[in-house]
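Now for the letters of each chain:
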Amino acid sequence: HRDLHSFPTRRSSDLLPAAVIAAKFAKADLVSQVVIEFPSLQGRVGGVYAGKAGAAPAVAQAITEHYRPLSAVAPIPGTLAGGLVAIAEKIDNIAGAWLAAEKPSGSRDPYGLRRAAMGIVRIALENDLHIVPRELADLAFAAYTEQGKVEPEGHPRAEIAAFIWERLEGLLL
């Protein structure tokens, strides 16, 4: 965990794409008292903190947007950097739930994973991103494997890919 004083400054932020920098700091606001008191400000507070700490505007905006969309019809991130961070956050949540044996079943979806998958689909479609759900799941599980997490039995990558494809099918219907 790095504190906000270690943010790349506006001068150095062009060395890395905004999405990569934003992804490193996107959850930093979760430890703030503001977000603890007002959870609905997640992301927005992070974007403000990032801007005040010297992050480039594109980085601060991506941090602000990465929780979007908040529902099936809510706006998606308005920037590509925000959309990429949002996709990473959503696939991480989905893979983590599969690892914890908390995947949705029937009408049960306590972690909003269907909404997360729909968000991935909408962001990809509206930004003309050519995302392969199986490869996205592979990347998410690779990150967990690097942390020493063991992949569950069965074919979770294929299940997650099918889960995302189902959201696309539902959207197109």
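**Observations regarding the environment of Gly96**
Now for step 1: When you line up the elements, Gly96 lands in helix 5 (residues 80-99).
Now for step 2: Along the sequence, Gly96 and Thr145 sit 49 residues apart, while their C-alpha atoms lie 11 Å from each other.

**Considering the environment of Gly148**
Now for step 1: The topology assignment puts Gly148 in the loop between helix 7 (133-146) and helix 8 (156-172).
Now for step 2: Between the C-alpha atom of Gly148 and that of Leu41, which follows or precedes it by 107 residues, the distance is 32 Å.

**Re the nonpolar core**
Now for step 1: Core analysis: the largest hydrophobic core is formed by 23 residues, its most contacted members being Ile91, Ile94, Trp98, Ile120, Ile160 and Ile164.
Now for step 2: When residues of this core are assigned to their parent elements, the largest contribution, seven residues, is made by helix 5.
Now for step 3: With near-sequence residues (within four places) excluded, Ile94 lies in contact with Leu113, Ala116, Ala117, Ile120, Ile160 and Phe163.
Now for step 4: Counting residues in hydrophobic clusters, the runner-up holds 15 residues, among them Ala19, Ala22, Ala56 and Ala60.

**Examining the confidence of the model for the chain**
Now for step 1: Of all residues in the chain, 91% have pLDDT values of 70 or greater, and the mean over the chain is 88.
Now for step 2: Note on residues 1-5: pLDDT under 50 across the span, and five contacts to partners over four residues away in sequence or across chains.
Now for step 3: Low pLDDT, under 50, characterises residues 9-13; the stretch is placed with nine contacts to residues that sit more than four places away or in other chains.

**Describing helix 7**
Now for step 1: Here helix 7 spans 20 Å end to end across 14 residues, near enough to the 20 Å set by a 1.5 Å rise per residue.
Now for step 2: Regarding helix 7, the residues found buried are Pro133, Leu136, Ala137, Ala140, Phe141 and Tyr144. Each buried residue of helix 7 sits inside an arc of 130° when the element is viewed along its axis, so together they form one side. Exposed and facing more than 90 degrees away from the buried side of helix 7 are Leu139 and Glu146.
Now for step 3: Note on helix 7: the residue one or two positions beyond its end, Gly148, has a positive phi of about 90°.

**Concerning the packing of helix 3 (residues 44-52) against helix 4 (residues 57-65)**
Now for step 1: Following both chains from N to C, one finds helix 3 and helix 4 inclined at 165°, their axes separated by 7 Å at the closest point. Looking at the two axes, helix 3 sits roughly antiparallel to helix 4. Judged by the sense of rotation from one axis to the other, the crossing of helix 3 with helix 4 is right-handed. Two secondary-structure elements touch here, helix 3 through Arg44, Gly46, Gly47, Ala50 and Gly51 and helix 4 through Ala60, Ile63 and Thr64.
Now for step 2: Along the lines of polarity and charge, the residues of the contact of helix 3 with helix 4 split into three nonpolar, four polar and one charged.

**Some remarks on the side chain of Arg122**
Now for step 1: Take Arg122: it is sitting in helix 6 (residues 113-126).
Now for step 2: Here Arg122 is buried and forms no salt bridge, its nearest opposite-charge partner Glu126 lying at an N-O distance of 4.1 Å.
Now for step 3: Not counting chain neighbours up to four residues away, the residues in contact with Arg122 comprise Pro69, Ser71, Ala72, Val73, Ala74, Pro75, Ile76 and Leu171.

**Some thoughts on the pattern of salt bridges**
Now for step 1: Applying the stated rule across the entire model yields eight salt bridges.
Now for step 2: Glu89 is the salt-bridge partner of Lys27, the closest N and O atoms lying 3.2 Å from each other. Note that Lys27 is positioned in the loop between helix 1 (18-25) and helix 2 (33-37) and Glu89 in helix 5, a separation of 62 residues in sequence.
Now for step 3: A relative accessible area of 34% places Lys27 in the partly exposed class.
Now for step 4: The partner of Lys90 in a salt bridge is Glu89, with the nearest N and O atoms 3.6 Å apart. Exposure class is identical for Lys90 and Glu89. Each is buried.

Reading the values: the criteria
- Residues numbered from 1 in each chain as written.
- Predicted model: local features only at pLDDT ≥ 70, side-chain atom pairs only at ≥ 80, totals over all residues.
- Heavy atoms only, no water.
- Helix = DSSP H or I, 4+ residues; strand = E, 2+ residues; numbered from the N terminus.
- Core = buried A, V, L, I, M, F, W, Y, C linked by side-chain atoms within 4.5 Å.
- Buried < 20%, exposed > 50% of the residue type's maximum accessible area, 1.4 Å probe, protein only.
- Contact = heavy atoms within 4.5 Å.
- pLDDT = per-residue confidence, 0-100.
- Expected span 1.5 Å × (residues − 1).
- Arc of directions from axis to C-beta.
- Axes fitted to C-alpha atoms, helices over the stretch in contact; angles between N-to-C directions.
- Parallel < 35°, antiparallel > 145°, perpendicular 65-115°, else oblique.
- Left-handed = near helix turned anticlockwise from the far one by under 90°.
- Nonpolar A, V, L, I, M, F, W, Y, C, P; charged D, E, K, R; others polar.
- Lys, Arg positive; Asp, Glu negative; His and termini not counted.
- Salt bridge = Lys/Arg side-chain N within 4 Å of Asp/Glu carboxyl O.

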